[in-house]
Amino acid sequence: AQNAPNSDWEKKVTEYFKEKLKENNATNWVPSLNDVPVHYLKPNSLVKFRCMVQDMFDPEFYMGVYETVDPNTNARVLHFGKYRDVAECGPQQEIDLNSPQTVTSERQTFYCVPVPGESAWVKEISFLTEPVLCFLNPWPHAYISASQARVSPSTSYTPSRHKRSYEEDEDMDLHPSKQKEQHMACKSCFPGSGGDIHGCVEPKRLETEASAGHHVISPNCSPPLDLNFPLPGEKGPACLVKIYESWESFKVNDVLEVFGVLSVDPVLSIVNSEERDSSSLDPMECMDTMEEQRVHSPPASLVPRIHVILAQKLQHINPLLPACLNEEESKTCEFVSNFMSELSPVRAELLGFLTHALLGDSLAAEYLILHLISTVYGRRDVLPLGKFTVNLSGCPRSSAFTEHLYRLIQQLVPASYHLRMSIESMNHSRFIPHKDYTANRLVSGLLQLASNTSLVIDETQLEQGQLDTAGVHNVTALGNLITWQKVDYDFNYHRMEFPCNINVLITSEGRSLLPSDCQVHLQPQIIPPNMEEYMSSLLTAVLPSVLNKFRIYLSLLRLLDYSISDEVTKAVEEDFVEMRKNNPESVTADDLHKMLLVARFLSLSAGQMTLSRERWLRAKQLEALRKARLQQQQCVNGNEL
Amino acid sequence: MSSPASTPSRRRGKRGRGSNPPTPQDARSPPSQKRRTDDSTSTGDLQPMPTSPPADAQSPGAADALFSSPPQFRHSAIPLDFDISSPLTYGTPSSRVEGTPRSGARGTPVRQRPDLGSVRKARQVDLHSDGLADDIVATEQSLGQKLVIWGTDVNVASCKEKFQRFLQRFIDPLDKEDEDIGLDLNEPRYMQRLQEINMVGEPFLNVNCDHLRSFDENLYRQLICYPQEVIPTFDMAANEIFFDRYPDSILEHQIQVRPYNALKTRNMRNLNPEDIDQLITISGMVIRSSQLIPEMQEAFFRCQVCAFTTRVEIDRGRIAEPSVCKNCNTTHSMALIHNRSMFSDKQMIKLQESPEDMPAGQTPHTVALFAHNDLVDKVQPGDRVNVTGIYRAVPIRVNPRVSSVKSVYRTHIDVIHYRKTDSKRLHGVDEETEQKRFTEERVELLKELSKKADIYERLALALAPSIYEHEDIKKGILLQLFGGSRKDFTHTGRGNFRAEINILLCGDPGTSKSQLLQYVYNLVPRGQYTSGKGSSAVGLTAYVMKDPETRQLVLQTGALVLSDNGICCIDEFDKMNESTRSVLHEVMEQQTLSIAKAGIICQLNARTSILAAANPIESQWNPKKTTIENIQLPHTLLSRFDLIFLMLDPRDEAYDRRLARHLVSLYYQSEEKMEEEYMDMAVLRDYIAYARSYVNPRLGEEAGQALIEAYVDMRKIGSGRGMVSAYPRQLESLIRLAEAHAKVRFSDKVETVDVEEAKRLHREALKQSATDPKTGIVDISILTTGMSATARKRKEELAQALRKLIQSKGKAPSLKYQQLLDDLRAQSDIAVTKEMFEEALRALADEDFLTVTGKTVRLL
């Protein structure tokens, strides 16, 4: 009853979904694996997932088209294998593995994890259907109400339409048979966990279950499966994402948003466990070690599969911004220009906010803004351009200042991680991802982060002590990350370089032991008696809507273009020559680098895409202030000694 | 059915590595053995077939069909002692005909080739179910009968004939491989190989597919597309020739042909479903190998009731246990007898694509390999290998209890041939892999580029464009990347001449030395980057480690060995400790590394160029001091650097202006623009790789003359003022630089221009680095003795003055040290430091004029 194989339908599927998802916020109707626990989602329905590619497995050959035979009647039926894990066939049918009709195709599997260090506010705001709504009421959102809101459309919306379209078939009478298949699937997966199966038959019950609000993740799974999150203490579903088209364009650590068919067929896990029991004779079994199997085909309840129909790289994960800014859509432009018009008050407010956060130090706050909008915008051979690592020295050690500062930053940036440096953490944590050849996977490390993640390194807690080999490697890796914006992943027999784009902020008492682009010495104007109270009141004082504007501000400015006119270039040249004339020792090429960086981000922070003379002077002034402060600090220290 | 007695003599069931010791039975008693195998075969033919009934019915017919054209085949009935009708032997030319027809071959048993066989059976079983009679179908053609193997266009007879012709006739005098030692290139290559087999007794014939292709394109295509049908045919052909020539030869089993270097696929990433069941060659690195797995090939069953025995072939990893005894019809009476079943060795190996093949930002792919029999344990994790084999995809087993099947195939490669690539790296340049990398268009492009007049400047500009100016330094590094020509003087007793160029960068902090090093490290395929501070002598050379698993001693190579044929970048060279640096002496001139450690004594090649960066000793360059005083490196080491560049802050207004403009442009140009402006890093890399492997310039007559002149000039300038300013080592440097410059032009001849540039660069670098701060004259003796000639002269003068002073004191046998110093100071018109005084004393002591003991000076 099915069509003969032609490659056209595959294109049509992608186009169809592309069109559908463009329609008024259709993307928001698709349930997201990030927000909704797997067992509330209906198997074989359309889902989306915002994730980072953690590892790439080997390409898979699968049966693109296969044939089943009924041994009794000898009836042969062709099936399509795309977007599926399991080759389905009826109870009376067998798959004919040697049929000449079989078409073998290739797909790629990525192991994806939620974006590491994703801030809580990103997750919460992503719940809401309309981005505009966030301005009104972004904050405390009870999980249950949200999930209810999300689950119900998914069950009522997806089945009839999407099911059919990925089922390659245009004729309408397929529907009953489809349902039969669903029943079939239920029967076959009965031994597995029960919850999700009821879902596909009785959507109503699912809803009631959802509202009960128990979202314990898979109670009957084997506990020690390491989901391989880069950062410790991360939660969320890891996912095997199967990509059918142009997978070459994706790289490790890319942030993707994928739309695809969720596959949690318990058969996947059953096949595994049974194979393990009877593995003695299967020659294929000895191919993979137990570890490898566990990693490459983990239970579907823990690591669901998504068969991707559409995948796109995300420039940013800020839900307050339109997903793609390059598109020449009127809506996007409107959004940007609207925001640009009110840029300067936002900047002023943000500066004030950060000044308070940095205990009244406005210079440090200014530099912090520059740091937060910095991004590696290019590489000139090995030299990354646009990185702006700030070392905030002079942080008070006793009070939990750095801790609270991080919390504030967390509220502003979409992804961040707080790395508390201590002898122990340096010696014992895994910074560099390394390849585990027994399990054949890339074991993640702290430094496997997505682009534009803020890494806040706290050096104030570091004590004297002995670093062991691992510790030295870790510190070297941090140094490399800061200087070259790259991490050398350890492949045991060789190392491989992965470029990255991570904003590093180092808080320390004195000068940091790590390299940095610019050191700002903090000069607190006020020392609040109770740091905690002070900081939290600071946060509550900001209106949520203002906070959101801060967030948009920081994410948006990162993506802007920038140029320097010939005129200003001349001026800068003159200036540099002049400065060198007076004192060739004090101004080096490095200083010019720094000043240009500061000027760049200063202009951008004011929403200007070109450098003006005033900004250049202002940048010089800022640098001079900063240097004077450092010098002063050195004098103070010198006197103390 | 074969008699039980013959079982032990089976080759293919043997456990362990069977290759070395020939099995005694075969070796010693060929006649009786021959007799018996013949017998068993014939009985095998006549006996009722116990296994799969359809096969029984068809196989005789199949045999007829196949062997009707070459009649001797029929007679050749296999000296195998298992049943002819078993699915394994059925229809495959390998199993059937492998038993070579000539008498000489009979004694040599056939060894089953699991590397070819594992999946094919599935296809046959399937055919039966389809009701197709045979996998060999006669296709009637207009010109008469032509038989092809089912599903292919391979005609066994013609294929065999062609291959035999290939073996007998293939000559390629130009092609040289490194295994070709002792081969006469003008004689048929493979006949010599067969002769070798006869002498050595290793029954494997490696065939380069490239040769086959140049000989017969069609045969090559068939081999690539239908390896499991064609290779057995090749086996057959090779055996016929072999036993025809050497009828008395005794081999452990029949010759197996192992093709390699199939050009089908080079990169693991390019494997796709179309490659399934084809012969492919891929390169990669072994990352894991499993233990040896005994794989059952054939199960042996015996009836508990009547002791009737039967054999069952393993089909897709399963044994179809006979439920009924054919003899006594008792059900469930058959029991497996383990020690009479047959096993073969098998090993699973994981191959990962080599780092060079990987696109940036992706993780490496892996592929599983199955090695069989004597290919087991041939490679260890960490080895770089080229694997030739058959690519397989197997559906994941149908689970009887669940109706659905995972729709994914497992893929692996059945290994036919390994070729290690990195073991060669220690012995010679691996040209094969490097040469094949360029497509014709690319070569065209590179050649086009090389014709440009300003290619040298162009390339220098393309090198590290983000680093401003320092043009001469970039040119120096460029020449280093190209390297000189390798010269072999072993026959005259001087060994290899160094072709690598070593460069030292010395200069103020913040002059982007590290960045240059990083750039070079990223550019060259075998670059290593270390920092002087963090590396020990051991880390640079090699160390012996005990493998925790095998308890074996393993030699782990360090940065210098790893960068063999590459560049080793050493940052913070001055911070390196003395003992570590001393390791470099050998490497930098002899290009080898000697290791004597924990019972391992060896000499490793380390033909690496060294690019070192050092800060001046006072961290800021002191213009009042000489280079030596600024760098504070041992002179022995310094003289081994061909070029020593100073990277100083020029403090010049015009320079500042240009620098500023350059930096500003960095901060707003988008990436695309940058790429337009400069030559692509990839092109640069290819250009260098191409030049390194293809261009080998020799000194021309004129250039030689120019070099002589240059050298004489260099010495003349010095000798005119009583100083020697050039040493033979500098002449060698000059030659290397000139050769490298010729390579840049893709020229096979070093010409005067090259010498001119070498001279200029040498002078440029030296002018800066060896300018005597007191005289302003170029003086290489600074580099060789650490002291400028004027300083040396002054020292001599002082010594003479001291001698006069002492002599003037008359006959006093001993003098007070302090008194003498004071006297000398009073007498001399220049300030005499204590050090200078001591040096003068030492000089006199060397002349046996006096001795110094404690605070007194004695005359002799």
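What you see is a predicted model, and the numbers here were worked out from it, not measured in a lab. (Residues numbered from 1 in each chain as written. Chains lettered and ligands numbered in written order. Predicted model: local features only at pLDDT ≥ 70, side-chain atom pairs only at ≥ 80, totals over all residues. Heavy atoms only, no water.)

Moving on, we get to the overall build of chain B. A count of helical and extended segments in chain B gives 33 helices and 30 strands. A total of 860 residues make up chain B; the buried ones form 54% of that total. Once local pairs closer than 6 in sequence are excluded, the contacts in chain B between residues at least 24 apart make up 69%. Accessible surface, chain B: about 37300 Å² in total, of which carbon and sulfur atoms supply 51%. (Helix = DSSP H or I, 4+ residues; strand = E, 2+ residues; numbered from the N terminus. Buried < 20%, exposed > 50% of the residue type's maximum accessible area, 1.4 Å probe, protein only. Contact = heavy atoms within 4.5 Å. Areas by Shrake-Rupley, 256 points an atom, 1.4 Å probe, with all protein chains shown as cover.)

For the rest of this paragraph, the subject is the overall build of chain A. Secondary structure summary: chain A contains 21 helices and 20 strands in total. Looking at chain A as a whole, 56% of its 641 residues are labelled buried. Carbon and sulfur atoms make up 53% of the accessible area of chain A, which amounts to about 26700 Å² in all.

Within strand β17 (residues 486–490) of chain A, 4 of the 5 residues are buried, which leaves the element mostly enclosed by the surrounding structure. As consecutive antiparallel partners, β17 of chain A and strand β18 (residues 495–499) of chain A are separated by 4 residues, and within that stretch N492 of chain A has a phi angle of approximately 65°, a positive value. (Pairing = 2+ DSSP bridges.)

All names here are of chain A. Spatial ordering of the open sheet is given by β13-β16-β19-β12-β20, a layout of 5 strands whose pairing is parallel. Sheet topology places β13 (416–420) and β20 (518–521) at the edges, where each strand pairs with a single neighbour. The average angle at which neighbouring strand axes cross in this sheet is 20°, direction not considered. Relative to strand β19 (residues 502–507), helix α13 (residues 362–372) is tilted by about 155°, and along the sheet it contacts β12 (390–393), β16 (453–458), β19 and β20. Against the sheet, helix α16 (residues 469–484) contacts β13, β16 and β19, and its axis sits at roughly 120° relative to β19. (Axes fitted to C-alpha atoms, helices over the stretch in contact; angles between N-to-C directions.)

Here the focus is a negative patch on the surface. Residue and element names in this part refer to chain B. On the surface, E440, E441, E444 and E448 cluster together into a patch of negative charge. Checked against the element boundaries, E440 lands in helix α15 (residues 440–451). Assessed through its relative accessible area of 69%, E440 is described here as exposed. (Patch = residues over 30% accessible without salt bridge, like charges linked within 9 Å, V, L, I, M, F, W, Y side chains within 5 Å. Salt bridge = Lys/Arg side-chain N within 4 Å of Asp/Glu carboxyl O. Lys, Arg positive; Asp, Glu negative; His and termini not counted. Charge placed at Lys NZ, Arg CZ, Asp CG, Glu CD.)

Residue and element names in this part refer to chain A. Tallying each qualifying case throughout the model produces 25 salt bridges over all chains. A salt bridge links R107 to E60, with the nearest nitrogen and oxygen atoms 2.8 Å apart. In this pair, R107 sits in strand β6 (residues 103–113) while E60 sits in strand β2 (residues 60–69), placing the two residues 47 residues apart along the sequence. The same class applies to R107 and to E60, which are both buried. The salt bridge involving E67 is made with R76; its shortest N-O contact spans 2.8 Å. On the basis of relative accessibility, which here comes to 42%, the residue R76 falls in the partly exposed class. Shared partners join several salt bridges into a network, and the residues in it are E60, R107 and K242.

As a further point, take unusual backbone geometry. Across the chain, the bulk of peptide bonds are trans and the bulk of non-glycine residues have phi less than zero. Non-glycine residue S246 of chain A carries a positive phi angle of around 35°. For S246 of chain A, a relative accessible area of 47% corresponds to the partly exposed category. Phi angles above zero are rare outside glycine, and D377 of chain B is one such case at about 65°. Counting through the fold element by element, D377 of chain B comes out in the loop between β11 (366–372) and β12 (384–395). Since its relative accessible area comes to 41%, D377 of chain B is described here as partly exposed.

Turning next to the sheet that holds strand β18 (residues 528–531) of chain B. Residue and element names in this part refer to chain B. Strand order in this open sheet of 5 strands is β18-β21-β24-β17-β25, and the pairing throughout is parallel. With one partner strand each, in any of the chains shown, β18 and β25 (643–647) form the two edges of the open sheet. Mean inter-strand twist for the sheet, computed between neighbouring axes without regard to direction, equals 15°. As paired elements, strand β17 (residues 503–507) and strand β24 (residues 609–614) share 4 bridges and run parallel to each other. Note on β24: the bridge partner recorded for L504 is A612.

Another aspect to go through is the packing of helix α11 (residues 217–225) of chain B against helix α12 (residues 227–245) of chain B. All names here are of chain B. Two elements in contact, α11 and α12, have axes whose closest approach is 6 Å; the angle formed by their N-to-C orientations is 120°. The pairing of α11 with α12 is recorded here as oblique in orientation. Taken together, the residues of α12 that come into contact with α11 (itself represented by L219, Q222, L223, I224 and C225) are P227, V230, I231 and F234. Class assignment for the residues of the contact of α11 with α12 results in 8 nonpolar, 1 polar and no charged. (Parallel < 35°, antiparallel > 145°, perpendicular 65-115°, else oblique. Nonpolar A, V, L, I, M, F, W, Y, C, P; charged D, E, K, R; others polar.)

Let's shift gears to helix α1 (residues 8–22) of chain A. All names here are of chain A. With 15 residues, α1 should cover 21 Å at 1.5 Å per step; its first-to-last C-alpha distance of 21 Å lies within 8% of that length. The complete set of buried residues in α1 reads W9, V13, T14, F17 and L21. Taken down its axis, α1 places every buried residue within 145° of arc, on the same side. α1 presents K11, K12 and K22 as exposed residues on the side facing more than 90 degrees away from its buried surface. (Expected span 1.5 Å × (residues − 1). Arc of directions from axis to C-beta.)

This next bit is on the packing of helix α12 (residues 343–357) of chain A against helix α14 (residues 401–412) of chain A. All names here are of chain A. Two elements in contact, α12 and α14, have axes separated by 11 Å at closest approach and are oriented at 160°. Of the possible angle classes, the one that applies to α12 and α14 is roughly antiparallel. Read as a crossing pair, α12 and α14 show a hand that is right-handed. In contact with L350, F353, L354 and A357 of α12, α14 contributes F401, L405, L408 and L412. (Left-handed = near helix turned anticlockwise from the far one by under 90°.)

Below, the discussion takes up the packing of aromatic side chains. Scanning the entire structure with this criterion turns up 21 aromatic pairs over all chains. Taking the centre distance of 3.8 Å and the plane angle of 5° together, the rings of F163 of chain B and F234 of chain B count as stacked. Residue F163 of chain B is located in helix α8 (residues 156–169), and its partner F234 of chain B is located in helix α12; the two are separated by 71 residues in the primary sequence. Following the ring pairs from residue to residue traces out a cluster consisting of F163, F166, F170, Y190, F215 and F234 of chain B. Lying across the ring of Y377 of chain A, R600 of chain A places its NZ or CZ 3.6 Å from the centre. We note K346 of chain B situated over the ring of F370 of chain B; from NZ or CZ to the ring centre the distance is 4.4 Å. (Phe/Tyr/Trp six-rings, centres within 6.5 Å; stacked < 30°, edge-to-face > 60°. Lys NZ or Arg CZ within 6 Å of the ring centre and 35° of its normal.)

Right, let's get into the environment of I501 of chain B. All names here are of chain B. Here I501 is to be found in the loop between β16 (495–497) and β17. Considered as a pair, I501 and F641 are 140 residues apart in the sequence and their alpha carbons are 7.5 Å apart. Once residues within four sequence positions are removed from consideration, I501 is found in contact with L479, Q480, G483, G484, S609, I610, D642, R736, L737 and A740.

Moving on, we come to the pairing of strand β6 (residues 293–303) of chain B. Residues and elements named next belong to chain B. With 8 of its 11 residues buried, β6 lies for the most part within the structure. Across 5 bridges, β6 lies against strand β10 (residues 342–352) in antiparallel orientation. Residue pairing in the sheet places M296 in a bridge with F343 of β10. The pairing of β6 with strand β9 (residues 334–336) spans 3 bridges and is classified as antiparallel. The partner of R302 across the bridge, within β9, is A335.

Let us look at the confidence of the model for chain B. Residue and element names in this part refer to chain B. Here chain B averages 68 in pLDDT, and 62% of its residues register 70 or above. The low-confidence segment residues 720–724 (pLDDT under 50) makes 8 contacts with residues lying over four places distant or belonging to another chain. Predicted as a complex, the structure gets a pTM of 0.69 and an ipTM equal to 0.72. (pLDDT = per-residue confidence, 0-100.)

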